[in-house]
Protein chains: 2
Amino acid sequence: MYSDITFASDRPVYIQVKDYMKKLIRKGALQADQKLPSTREISVLMNISRNTAVTAYTELEEEGFIYAVRGKGNFVAAGAAGGTSDRLSVQAEREPARLDWRQRASDYARQAEQMDLMKHGIRAEKGSILFTSIAPDEKLFDLQNVKRAFLDRMSIEGEVLLNYGYAKGYKPLIDYLLRYMENKGVDLTGKDLLITNGFTEAFELVLSAIGQRYGAALCENPTHQTAIKNMKLHGYGITGVDMEKDGLDLRQLEKELGSRPFDLAYLVPSYHNPTGIVMAPEKRTEALRLLSGYEVPVIEDGFNEELRYSGSHVAPLIASAGAGNGVIYLGSYSKILFPGLRVGWILADKELIGLLESMKRARTIHTSTLDQSLLYQYLSNGNFEKYLKKARAEYKRKYELATACIKAHVPYQTLSGDGGLHLFLAFEETFHTRQLLEACKRKGVVFTPGDIFYTKEGQGGHTMRLGFSRVSDEDIEAGIRIIGETAKELFY
Amino acid sequence: MYSDITFASDRPVYIQVKDYMKKLIRKGALQADQKLPSTREISVLMNISRNTAVTAYTELEEEGFIYAVRGKGNFVAAGAAGGTSDRLSVQAEREPARLDWRQRASDYARQAEQMDLMKHGIRAEKGSILFTSIAPDEKLFDLQNVKRAFLDRMSIEGEVLLNYGYAKGYKPLIDYLLRYMENKGVDLTGKDLLITNGFTEAFELVLSAIGQRYGAALCENPTHQTAIKNMKLHGYGITGVDMEKDGLDLRQLEKELGSRPFDLAYLVPSYHNPTGIVMAPEKRTEALRLLSGYEVPVIEDGFNEELRYSGSHVAPLIASAGAGNGVIYLGSYSKILFPGLRVGWILADKELIGLLESMKRARTIHTSTLDQSLLYQYLSNGNFEKYLKKARAEYKRKYELATACIKAHVPYQTLSGDGGLHLFLAFEETFHTRQLLEACKRKGVVFTPGDIFYTKEGQGGHTMRLGFSRVSDEDIEAGIRIIGETAKELFY
């Protein structure tokens, strides 16, 4: 006892001494009213300074774990030794409740776990080439500017940042984003903005806010798998509308809209996940006109729309809707800037935002003020535009490299992706990318099989998504070569 | 046009020039293919440097808003001018969908707004003395240590902190908290820990995870009003068990448990909100034994348990439960440390944590890595213990001052609060604190009427909560004197 303590380097020694003593008391190795070694003795036993021992004992006393008797020394406090000295507690420990949590869990909890791709997804050997991520490349992060933004904001209003904020969000960031959206052509009349913990919370809030009358949701097919998951978790039956080269198949959209009522539509018009397609401007207005005619509210996912490499500016759907209030725009800096900062936003009808604000308060009170204010200062310092320029150039380079490698090595049928962080490939219908994945995995290459993005079981078995943002040039070349060779071996 | 631009000081000028030009294009003041002033002209018109004008134009071109013709100048891009040049868009703008969001909202959304106390709560005149807050006093925040923690962590692994984290939480913080909870006497066998966005998300996740069989929840009466709100939002009927001086009325608890089945119990054993009562150790074990016997899972709110000024150490319920898995402990640093950092945690049965992890992923992906890592580094640097010592001393001083003032001036019947950030007063049953509040408000003093903490309408009308953490000594004295005088005028 005592001399067996080992010290970690990441915390003050006196705290570790305290923790050690508490554990002895808890485990019953030290009993109530038992005398403790003196601070001098303990300093020798633990090979620590006398001062450290005194600090540890003083705090243990303050916290009620030990008590001092003048001239006699320190003793273990009666109530401190866990429940073990107590009759009732012993009883409780003898018969602790053992609940079957799986059986007691809600259907929602069980479904969330069943659909959790991180738990049932692709496992790769260490050292594999991973085309599965579409997170930004952290080598692009301008840490110096982030540090500066933090320190700038802390000196302006550090106390404010660390105390409670507002459910609606950090005011300067709200104002910044309203201006930002106005510059994308949005008519802000009758609209308002709420800050969320990234896209995911925004989507969740909106799904919970919209009353479900028909249990039916409409979306592109394929689409963002998290959106599919969350719509299913909310009990929606999902109708997918096929993607053409320039976005939604409008005839199919019209047919579906005419055939049954929908509670909502979820669309990713700019830089669609997983196909990377940017919906053509004329399709946008026509799709909006159709949905508007059937009074179906549209949840617009502004996913990565900043990341386009080139081409003319395309306005978001909510801009085309003018003064209408049928489009709910969800934005996020996570995919393009820093995913670790959980900041997204909802721009929508003022009344709806009012409801969402109360829901947000009931669920997470507010988004981290630190994240919001740091982001605000970073944006205000003008760093985002610089970062974006650098990021666009780098991702464009990788995009061109990946595209060239695919054309050279892979027997694909169609290839889509106007830029951004990934490409989407379709092979012949008879092809099975899951089979290809198994074979590639053994050679140290993994990608995302496309079927997970489809609204119906059995669809998209011949497709795959290749994320290249975090893969080195070398690995892009080597990995795509392996995918191509393996595909040819297996299917041709 | 152009010369009417005004510049804000918080953003680079070229960005403001870009924004201004975009707005002109959007609003139709500049039409498709219209020629723009040269960069020289614009620099004169806007009184900016030529370089700034060039940068702005270059980026407008990159973003597709304008195009350059060699030797001819810059022109507005065709697609950029919003939808206004487009037939379909004009149509959409003519008939934008106007949805009635209040009618389309879910019951949940409407209820969340109805129960939102921030919207329907007490409004006070500016300059009033506010006894309504129980947030920490920001003057106590050690900003230097927060800055140091941030910079320390950024230099260790800045890139990691800004990229995606894990739904379960930031590993070093999880490990730290497991050790922290073990030192409170918790048997970690079969348990695990999940990081959340503060207490509120933790509570929300747990409420969603527990399958509802009877629609019945049990709690102390009065109790934390956010907990009441959220249990109601989840459709629970709530049974309150009265509080005695040392915690729950155990006979009443036993009676209620015998009379009907419950899905869960929510308890705040340490430093109860709003009464400030710390449940006696023998009551804890007995309450746990009863709940365990009826197999009712307990959600333990570890609210502020670190804030006790004195007295012997009291173990949380989850420690008394030993190897049992019936207690779900919710912890948070928000109330005591920095509320702006949204970090809380759930310590519970491993299998339940697995389900909660998937739910967390589906709802908010993960808690801000920046918040988590900053907090971890702050804790590891040993700052928390120092802060706690300072905070405890300061709050104790205020507590004693407030208590003395109440005893001197207020005609109360019972006064409770073992410390922390607030006191709870009960007057004679015939007294109405809402009426008192109205009268005090006119004199510039507000407090929280106690009825909001009660599980049934009409209860607690004679009680109030006084939060003193953010009130200056002067205002504590002046405010309580006014409350006392007004109470005497009104009711005696």
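These numbers come from a predicted model, not from an experiment.

Draft legend 1. The overall build of chain A, seen in detail. Within chain A, the regular secondary structure consists of 19 helices and 16 strands. Evaluated residue by residue, chain A yields a buried proportion of 63% over its 492 residues. Contacts in chain A between residues far apart in sequence, at least 24 positions, make up 73% of those at least 6 positions apart. For chain A, the computed accessible surface area is about 18,600 Å², with 49% contributed by carbon and sulfur atoms.

Draft legend 2. Seen up close, the confidence of the model for chain A. Of the residues in chain A, 95% have a pLDDT of 70 or more, and the chain-wide mean is 90. In the model output, the complex is listed with pTM 0.86 alongside ipTM 0.86.

Draft legend 3. Representation of the packing of helix α8 (residues 143-162) of chain B against helix α16 (residues 369-380) of chain B in the model. Residue and element names in this part refer to chain B. Taken N-terminus to C-terminus, the directions of α8 and α16 make an angle of 125 degrees; their axes are 8 Å apart at the nearest point. Classified by the interaxial angle, the pair formed by α8 and α16 is oblique. You can see that α8 and α16 cross each other, and the crossing is right-handed. Listed contacts from α16 to Asn-145, Val-146, Ala-149, Phe-150, Asp-152, Arg-153, Ile-156, Val-160 and Leu-161 of α8 are Thr-369, Leu-370, Ser-373, Leu-374, Tyr-376, Gln-377 and Tyr-378.

Draft legend 4. Representation of the interface of chain B and chain A. Of the residues lining the interface, 128 residues belong to chain B; the matching set on chain A comes to 131 residues. In total, chain B and chain A occlude about 11,700 Å² of area from one another, counting both sides; carbon and sulfur atoms represent 55% of this. Here chain B is connected to chain A by 14 salt bridges. A salt bridge links B:Glu351 to A:Arg102; its shortest N-O distance comes to 2.5 Å. Summed over the shared surface of chain B and chain A, the result is 48 residue pairs in polar contact (both at pLDDT 80 or more). Partitioned by chemical class, the residues of the side of chain B that touches chain A number 46 nonpolar, 37 polar and 45 charged.

Draft legend 5. Highlighting the side chain of B:Ser128. Position of B:Ser128 relative to the elements: it lies in the loop between α7 (117-120) and β3 (129-130). Of note is the side chain of B:Ser128, whose polar atom sits 2.7 Å from the backbone oxygen of B:Glu125.

Draft legend 6. Molecular detail of the relation of the copies chain B and chain A. Rotating chain B by 180 degrees and moving it 0.0 Å along the rotation axis overlays it on chain A with an RMSD of 0.1 Å. Between the two chains, the operation in question is that of a two-fold axis.

Draft legend 7. Here's a closer look at the pattern of salt bridges. Residues and elements named next belong to chain A. Considering all chains together, one arrives at 54 salt bridges over all chains under this definition. Salt-bridge contacts for Asp-473 lead to Arg-397; the nearest nitrogen and oxygen are separated by 2.7 Å. Taken together, the positions of Asp-473 in helix α19 (residues 473-491) and Arg-397 in helix α17 (residues 383-409) put the pair 76 residues apart, joining distant regions of the chain. Take Asp-473: its relative accessible area is 27%, and that puts it in the partly exposed class.

Draft legend 8. Layout of the sheet that holds strand β12 (residues 414-416) of chain B. All names here are of chain B. Reading across the sheet, the 4 strands line up as β12-β13-β16-β15 and stay open at both edges, with antiparallel pairing between neighbours. The sheet is open, and its two edges are formed by β12 and β15 (448-449), each paired on a single side. Alignment of β12 against strand β13 (residues 422-426), held across 3 bridges, turns out to be antiparallel. The residue of β13 that forms the bridge with Leu-415 is Leu-425.

Draft legend 9. Quick look at the pairing of strand β1 (residues 66-69) of chain A. Residues and elements named next belong to chain A. Relative to strand β2 (residues 73-76), β1 is paired through 4 bridges, and the arrangement is antiparallel. Across the sheet, residue Ala-68 finds its bridge partner in β2, namely Asn-74. With antiparallel pairing between neighbouring strands as the criterion, β1 and β2 make up a hairpin whose turn holds 3 residues, including Gly-71 at a positive phi of roughly 80 degrees.

Draft legend 10. Just helix α11 (residues 225-233) of chain B, in detail. All names here are of chain B. Among the 9 residues in α11, 8 count as buried, and that is most of the element. Among the residues of α11, those classed as buried are Gln-225, Thr-226, Ala-227, Ile-228, Lys-229, Asn-230, Met-231 and Leu-233. Just beyond α11, the residue with positive phi is Gly-235, at close to 85 degrees.

Procedures and definitions
- Residues numbered from 1 in each chain as written.
- Chains lettered and ligands numbered in written order.
- Predicted model: local features only at pLDDT ≥ 70, side-chain atom pairs only at ≥ 80, totals over all residues.
- Heavy atoms only, no water.
- Helix = DSSP H or I, 4+ residues; strand = E, 2+ residues; numbered from the N terminus.
- Buried < 20%, exposed > 50% of the residue type's maximum accessible area, 1.4 Å probe, protein only.
- Contact = heavy atoms within 4.5 Å.
- Areas by Shrake-Rupley, 256 points an atom, 1.4 Å probe, with all protein chains shown as cover.
- pLDDT = per-residue confidence, 0-100.
- Axes fitted to C-alpha atoms, helices over the stretch in contact; angles between N-to-C directions.
- Parallel < 35°, antiparallel > 145°, perpendicular 65-115°, else oblique.
- Left-handed = near helix turned anticlockwise from the far one by under 90°.
- Buried area = accessible area lost by both parts, 1.4 Å probe.
- Salt bridge = Lys/Arg side-chain N within 4 Å of Asp/Glu carboxyl O.
- Polar contact = N/O pair within 3.5 Å; in protein donor to acceptor, adjacent residues only side chain to side chain.
- Nonpolar A, V, L, I, M, F, W, Y, C, P; charged D, E, K, R; others polar.
- Least-squares fit on C-alpha atoms with pLDDT ≥ 70 in both.
- Pairing = 2+ DSSP bridges.

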